[in-house]
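This is what each chain is made of:
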Amino acid sequence: MDTASQQITVVGQGVVSAVPDVMRLNAGVEVRKAGAGEAFAGARAAAVRLTRTLAEAGIAAKDLRTSELSLGPEYENYPKVSAYRAAQGVEAVIRDLSQADRIIDLVASIGEEARLNGVSFEISDPVKALRDARDRAFHDARGKAEQYARLSGRPLGQVVAITEEVEGPPRPMMMAAAAAEQSSISPGEQSVSVAVRVVYSFGA
């Protein structure tokens, strides 16, 4: 007898929501000057001020990363150059979200060269959320298999195989109202999902 005809294959889904506890701040500096060297020197000096400000705010050296370095002409009517633009970006990892507003304000305070290019949030340790999602996915698969066995009028047997399917990185969900009340920065929630393919045999 065909082995496949003696099996039930189901896919279980498990989703768990978690509040991110890390923010990545994409900041930087931008300078426009008549000369390329002048623009680049101005951007580099402003970047030093920005990096120093972030370090003094408590951001560890390992959590600061240069994310952009650029220099190029701007044209009034090509090929006539009107100015040179120099920029340097810094990504800062903020591990204490209660300090996010203060650090953003400090970045803005370094001068007219300052730029804020956005933020993103992440869960620093998704292991527990993943474990909970796996539990839910397996229980979901078990419930489906039991239902199919009952509908077919046969007893459910043992697990034959388990395969976890990739569901991608955590996905953002709606912002958390409580966080929004405490700060202008709200990490919201992220969903951690797991899909598991489980093969059962029919019981005797």
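The structure reproduced in this document is the subject of the present report.

**Concerning the overall build of the protein**
Helix and strand counts for the protein come out as four helices and eight strands. Put simply, the protein runs from its N terminus to its C terminus through helices and strands in the order β-β-α-β-β-α-β-α-β-β-α-β. Every one of the 204 residues in the protein was classed for burial, and the buried ones make up 34%. Restricting the contact set of the protein to residue pairs at least 6 apart, pairs at least 24 apart contribute 78%. Element-wise, carbon and sulfur atoms account for 52% of the exposed surface of the protein, whose accessible area totals about 11900 Å².

**Observations concerning a nonpolar patch on the surface**
Residues Phe 40, Leu 69 and Leu 71 make up a contiguous nonpolar surface patch of roughly 260 Å² in combined accessible area. Tracing the backbone shows Phe 40 in helix H1 (residues 36–56).

**Some points on the packing of aromatic side chains**
Within the structure shown, the criterion is met by one aromatic pair. Each ring, one from Tyr 75 and one from Tyr 78, has its centre 4.9 Å from the other, and the planes form 65°; the classification is edge-to-face. The partly exposed category is assigned to Tyr 75, whose relative accessible area is 41%. Directly above the ring of Phe 202 sits Arg 154, whose terminal nitrogen or CZ lies 4.1 Å from the centroid.

**Notes on H1**
Residue pairs spaced three or four apart in an α-helix point in one direction, given the helix's 3.6 residues per turn. With 21 residues, H1 should reach 30 Å at 1.5 Å per residue; the first-to-last C-alpha distance of 30 Å fits that figure. Looking only at H1, the buried set comprises Ala 39, Ala 43, Ala 46, Ala 47, Leu 50, Thr 53 and Leu 54. Each buried residue of H1 sits inside an arc of 125° when the element is viewed along its axis, so together they form one side. Looking at H1, the residues exposed on the side facing more than 90 degrees away from the buried face are Gly 37 and Glu 56. Against the buried residues of H1 lie strand E2 (22–33), strand E3 (64–77), strand E4 (80–94) and helix H2 (100–108).

**Focus on the pairing of E3**
Two elements, E3 and E4, share 12 bridges in a ladder whose sense is antiparallel. Each residue of the ladder has a partner; that of Leu 64, found in E4, is Ala 92. Hairpin geometry of E3 and E4 is characterised by an intervening segment of two residues between the two adjacent antiparallel strands.

**Focus: unusual backbone geometry**
Here the bond from Tyr 78 into Pro 79 is cis, since omega is 10°, no more than 30 degrees from zero. When you line up the elements, Pro 79 lands in the loop between E3 and E4.

**Some details on the side chain of Gln 190**
Secondary-structure assignment places Gln 190 in strand E8 (residues 190–202). Classification of Gln 190 by relative accessible area gives buried; the value is 7%. A polar atom in the side chain of Gln 190 sits 2.7 Å from the backbone oxygen of Phe 121.

**Considerations on H2**
Within the sequence span of H2, burial applies to Ala 100, Ile 103, Ile 104 and Val 107. Angular distribution of buried residues about the axis of H2 spans 100°; they occupy a single face of the element.

Cut-offs and rules
- Residues numbered from 1 in each chain as written.
- Predicted model: local features only at pLDDT ≥ 70, side-chain atom pairs only at ≥ 80, totals over all residues.
- Heavy atoms only, no water.
- Helix = DSSP H or I, 4+ residues; strand = E, 2+ residues; numbered from the N terminus.
- Buried < 20%, exposed > 50% of the residue type's maximum accessible area, 1.4 Å probe, protein only.
- Contact = heavy atoms within 4.5 Å.
- Areas by Shrake-Rupley, 256 points an atom, 1.4 Å probe, with all protein chains shown as cover.
- Patch = residues over 30% accessible without salt bridge, like charges linked within 9 Å, V, L, I, M, F, W, Y side chains within 5 Å.
- Salt bridge = Lys/Arg side-chain N within 4 Å of Asp/Glu carboxyl O.
- Phe/Tyr/Trp six-rings, centres within 6.5 Å; stacked < 30°, edge-to-face > 60°.
- Lys NZ or Arg CZ within 6 Å of the ring centre and 35° of its normal.
- Expected span 1.5 Å × (residues − 1).
- Arc of directions from axis to C-beta.
- Pairing = 2+ DSSP bridges.
- Polar contact = N/O pair within 3.5 Å; in protein donor to acceptor, adjacent residues only side chain to side chain.

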